[in-house]
Amino acid sequence: AAKAGGRGQVHAFDATLAAGLAARKALEQELRAGIDRGEFGLVFQPQVLAATGSVCGAEALVRWHHPDGMRLPGSFLPCAEETGLIIELGDRIVQDVAATIGRWHEKGIRHRLSVNISARELDHASFVRKLRDAVASAGAPASMLELELKESLLMGCSEDALDAVTLLRGDGASIALDDFGTGFSSIARLRELPIDRVKLDRALTIHVAQSEEARAIAQALVGLVHGLGCTAVAEGIESADQAKILRMIGCDVLQGYAIAAPMEEAAFLDWLGSPAAGRRLAS
Ligand code: C2E
Ligand code: MG
Ligand code: MG
Ligand code: MG
């Protein structure tokens, strides 16, 4: 019976694996078609200065406007990365980001726009050239651009990729270390990386209003970020209490639902012009 049971398990495992592979294959095909049909777009989430609540920038986040409904990056980015489709998708995102910066610049908006870059993109030889070209031809200064690179990515990337990042930084773009606190950064290595801002992951900021310990840790990390000569950005701020505490412990910039959720460009521009954009945290 044990033997039969064992074999049954193997069969069940095979079936699950096969179903998983088929689903992955289907998603890959859908992704390819979605890219061709231009179903991907960006939404924008504001970042504000902790001290005053005034807007200082925004993060661009990709959305898939699938015929069946809107899809979040978590449902398709892993597949895009594994299949290499992220290169094609990333090209569209880069064009989109550059065009957006160009439009904002024309309107007199000078806020920095941050774009998330995955490891595969950064390791792709022509990526940085395409990004520089796109921003230049949009007629906007590179200083309006920020690249968000995950901690794990910067820790493990090639010398060539690092050189490319340094080149962009030389143009005036800034570099943010994303999701800090979720990986295994070597502090010694952090010092050597070309970074301007460090984004403390939501996992580090979520409990600051309830837990003294969480607050002490966040405060120590803000100190570390400042020690590196970088700006400290807190992500995933969902309450006014969290915002207040992070401001008190010296965090420079805040981002999260408590300030505003990611918005389509038109809504974002309306929001910029609304009193909420400057007063949100002033109370
Ligand atoms: P991320 O760069 O850390 O982005 C922050 C995520 O937190 C976004 O999820 C955002 O919508 C969400 N968020 C913002 N405020 C709050 C809050 O107060 N509470 C909570 N719980 N969440 C909040 P999203 O848009 O689903 O993106 C997930 C991840 O996908 C991003 O994490 C980023 O790593 C990746 N990603 C997004 N857009 C792009 C892109 O254009 N290119 C690449 N390569 N990756 C992207
Ligand atoms: Mg990010
Ligand atoms: Mg993040
Ligand atoms: Mg994150």
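Predicted model, so just to flag it, every value in this text is computed and none were measured. (Residues numbered from 1 in each chain as written. Chains lettered and ligands numbered in written order. Predicted model: local features only at pLDDT ≥ 70, side-chain atom pairs only at ≥ 80, totals over all residues. Heavy atoms only, no water.)

A.B. asks: Just to check I follow, could you spell out helix α3 (residues 85–106) for this structure?
C.D. replies: At 3.6 residues per turn, the α-helix brings residues three or four places apart onto the same side. The first and last C-alpha atoms of α3 sit 32 Å apart over 22 residues, in line with the 32 Å expected at 1.5 Å per residue. Backbone geometry just after α3 places glycine 108 at a positive phi near 90 degrees. (Helix = DSSP H or I, 4+ residues; strand = E, 2+ residues; numbered from the N terminus. Expected span 1.5 Å × (residues − 1).)

A.B. asks: Would you take a moment to explain the side chain of arginine 63 for this structure?
C.D. replies: With respect to the element layout, arginine 63 can be found in strand β2 (residues 55–66). Although arginine 63 is buried, it forms no salt bridge, and the closest oppositely charged side chain is glutamate 264 at an N-O distance of 7.2 Å. Every residue in contact with arginine 63, bar those within four places of it in the chain, is listed here: Glu39, Phe40, Gly41, Val43, Met70, Arg71, Leu72, Pro73 and Pro262. (Buried < 20%, exposed > 50% of the residue type's maximum accessible area, 1.4 Å probe, protein only. Lys, Arg positive; Asp, Glu negative; His and termini not counted. Salt bridge = Lys/Arg side-chain N within 4 Å of Asp/Glu carboxyl O. Contact = heavy atoms within 4.5 Å.)

A.B. asks: Please clarify how the coordination of the magnesium ion (ligand 2) should be interpreted in this entry.
C.D. replies: The magnesium ion (ligand 2) binds to the protein through Glu59 (OE), Asn116 (OD1), Glu148 (OE) and Asp178 (OD); the donor distances cover 2.0 to 2.2 Å. One chain supplies every donor to the magnesium ion (ligand 2), and in sequence these donors are spaced E-x56-N-x31-E-x29-D. Distance-wise, the magnesium ion (ligand 3) is placed 3.9 Å from the magnesium ion (ligand 2), both being coordinated by aspartate 178. Here glutamate 59 is found in strand β2, whereas its partner asparagine 116 is found in strand β4 (residues 112–117), with 57 residues between them in sequence. Of the residues examined, glutamate 59 reaches a relative accessible area of 4% and is grouped as buried. (Donors = N, O, S within 2.8 Å, 3.2 Å for Na, K, Ca; no water.)

A.B. asks: Is there a simple way to think about the site of ligand 1 in this case?
C.D. replies: Close to ligand 1 lie 24 residues; Arg63, Lys150, Asp178, Glu238 and Tyr257 are nearest. Aspartate 178 places a polar side-chain atom, nitrogen or oxygen, 2.9 Å from an oxygen atom of ligand 1. Between tyrosine 257 and ligand 1, the recorded distance is 2.8 Å, taken from a backbone N or O atom to an oxygen atom. Look at ligand 1: alone it shows 810 Å² of surface, and the protein chains cover 83% of it. Counting residues per element, the shell around ligand 1 draws most heavily on β2, at four residues. Class assignment of the residues belonging to the shell around ligand 1 gives a composition of nine nonpolar, five polar and ten charged. (Near = heavy atom within 4 Å. Polar contact = N/O pair within 3.5 Å; in protein donor to acceptor, adjacent residues only side chain to side chain. Areas by Shrake-Rupley, 256 points an atom, 1.4 Å probe, with all protein chains shown as cover. Nonpolar A, V, L, I, M, F, W, Y, C, P; charged D, E, K, R; others polar.)

A.B. asks: Just checking my understanding: could you explain the environment of alanine 51 for this structure?
C.D. replies: By secondary structure assignment, the location of alanine 51 is in the loop between β1 (40–49) and β2. With relative accessibility at 68%, the residue alanine 51 sits in the exposed group. Expressed as a C-alpha distance, the spacing of alanine 51 and lysine 130, which sit 79 residues apart in the sequence, is 36 Å.

A.B. asks: Explanation requested: the coordination of the magnesium ion (ligand 3) in the structure shown.
C.D. replies: In an ideal octahedron of six donors the angles at the metal are 90 or 180 degrees, and in an ideal tetrahedron of four donors they are 109.5 degrees. Taken together, Asp178 (OD), Asp179 (OD), Glu235 (OE) and Glu235 (OE) make up the full set of protein donors to the magnesium ion (ligand 3), lying 2.2 to 2.3 Å away. Between consecutive donors of the magnesium ion (ligand 3), the numbers of intervening residues give the motif D-D-x55-E.

A.B. asks: Looking at this structure, how should I read empty space enclosed by the protein?
C.D. replies: In this approach the atoms are scanned with a rolling probe the size of a water molecule, which exposes any empty space left behind. According to the stated counting rule, one finds one cavity of 30 Å³ or more in the structure shown. Of the pockets and cavities examined, the largest cavity occupies roughly 30 Å³. In terms of lining residues, the largest cavity is bounded by Ile86, Ile87, Gly90, Asp91, Glu121, His124, Phe127 and Lys130. Counting residues per element, the ones that place at least two in the lining of the largest cavity are α3 and α5 (127–137). If one sorts the elements of the lining of the largest cavity by residue count, α3 sits on top with four residues. Tallied by class, residues from the lining of the largest cavity come to three nonpolar, two polar and three charged. (1 Å grid on protein atoms, 1.4 Å probe; cavity = no way out; pocket = protein on both sides within 12 Å on 5 of 7 lines; lining within 4 Å. Points joined across faces, edges and corners; volume = space filled by probe spheres on them.)

A.B. asks: Explanation requested: the packing of aromatic side chains in the structure shown.
C.D. replies: Aromatic rings considered in pairs are described by the distance between their centres and by the relative angle of their planes. Under the counting rule described, the total for this entry stands at six aromatic pairs. Arranged with centres 5.4 Å apart and planes meeting at 65 degrees, the rings of phenylalanine 40 and phenylalanine 76 form a pair that is edge-to-face. Placement of the pair is phenylalanine 40 in strand β1 and phenylalanine 76 in the loop between β3 (69–71) and α2 (77–83), with a sequence separation of 36 residues. By relative accessible area, phenylalanine 40 is classed as buried at 14%. Relative to phenylalanine 268, the ring of phenylalanine 44 lies with its centre 6.1 Å away and its plane at 40 degrees, an arrangement referred to as tilted. Of the two residues, phenylalanine 44 sits in strand β1 while phenylalanine 268 sits in helix α12 (residues 265–273), which places them 224 residues apart along the sequence. Of the two residues, phenylalanine 44 and phenylalanine 268, both sit in the buried class. One aromatic cluster is present, built from ring pairs that chain together Phe40, Trp64 and Phe76. Here the guanidinium or amino end of arginine 71 rests over the ring plane of tryptophan 64, the centre of that ring lying 4.9 Å away. (Phe/Tyr/Trp six-rings, centres within 6.5 Å; stacked < 30°, edge-to-face > 60°. Lys NZ or Arg CZ within 6 Å of the ring centre and 35° of its normal.)

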